Amino acid sequence: MNRIRTKFLIVMTMLMGLASSCSDDGVSELCFVGDSLVAGWDVKSSFPTRVVRNDGVSGAHLEDILTWNLDYQGKDVVMLIGTNNLGYEFIDEQTRPQFIADFVEEYRHTIETLAPRRVFVISILPRSAENDDKNISLYIRELNAALEQMVATLGYGTFVDVYDYFLYKGGMNMNYSLDGLHLNDLGYNILNVRLSKEL
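What counts, and at which threshold
Residues numbered from 1 in each chain as written. Predicted model: local features only at pLDDT ≥ 70, side-chain atom pairs only at ≥ 80, totals over all residues. Heavy atoms only, no water. Salt bridge = Lys/Arg side-chain N within 4 Å of Asp/Glu carboxyl O. Helix = DSSP H or I, 4+ residues; strand = E, 2+ residues; numbered from the N terminus. Buried < 20%, exposed > 50% of the residue type's maximum accessible area, 1.4 Å probe, protein only. Pairing = 2+ DSSP bridges. Axes fitted to C-alpha atoms, helices over the stretch in contact; angles between N-to-C directions. Contact = heavy atoms within 4.5 Å.

Quick look at the pattern of salt bridges
Considering all chains together, one arrives at 10 salt bridges under this definition. Arg-117 is the partner of Asp-76 in a salt bridge, and the nearest nitrogen-oxygen pair spans 3.2 Å. Of the two residues, Asp-76 sits in strand S3 (residues 76-80) while Arg-117 sits in the loop between helix H5 (96-114) and strand S4 (118-122), which places them 41 residues apart along the sequence. Accessibility expressed as a relative area gives 0% for Asp-76, which makes it buried. Exposure remark for Arg-117: the relative accessible area of 38% places this residue in the partly exposed category. Between Asp-164 and Arg-141 there is a salt bridge, and its shortest N-O distance comes to 3.2 Å.

Here's what the structure looks like:
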């Protein structure tokens, strides 16, 4: 009888632990924020053991995030955003250094304002969209290096570098993409695997 009771208590303890880890307690909730790459990510199926929230918005720019009145204080946040910010100032050699400096500072300000418990910044992906500059992915690598340095200065930040997983012949690997920018299921699977290793 004592053996049965002991097993029952062990099982109940395990179940209570699972319930608390998956509850919406503001600590274990995993919040995804970004542009269409996040909006199209089926995070509920991808992270079934976590309470998740998807705040991705198609067409979003980095500076849009702070206008959405998001409450991430004390929560775990995954950020994937920036590809929509990459216009002429990013492509031009004269203006790119200042663009990168301003973008990284805006990214830091956004993270600090959101005040998450932990933040996972996913690197900006290479691109091969129809009208892209032929060197845009090379420039994105430069931007990611600056982002990684910034995230390293945060005591609660992790930079999740997936860039090389998607790169092929200087652009987006079309095996993982619908159009050179947006991802297919294989592309999202790479994000799932890489992010899961960091969580």
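Concerning the pairing of S4
For S4, the tally of buried residues reaches 4 of 5 residues, placing the bulk of the element in the interior. The pairing of S3 with S4 spans 4 bridges and is classified as parallel. Across the sheet, the residue bridging to Met-79 is Val-121, located in S4. Where S4 lies against strand S5 (residues 157-160), 4 bridges are found, and the strand directions are parallel.

A few points about the sheet that holds strand S2 (residues 52-56)
An order of S2-S1-S3-S4-S5 is seen for the 5 strands of this open sheet, with the pairing classed as parallel. Only two strands of the sheet have a single partner each, and these edge strands are S2 and S5. When the angles between neighbouring strand axes are averaged without regard to direction, this sheet yields 15°. Of the strands in this sheet, S4 and S5 are in contact with helix H6 (residues 136-152), which crosses S5 at around 155°.

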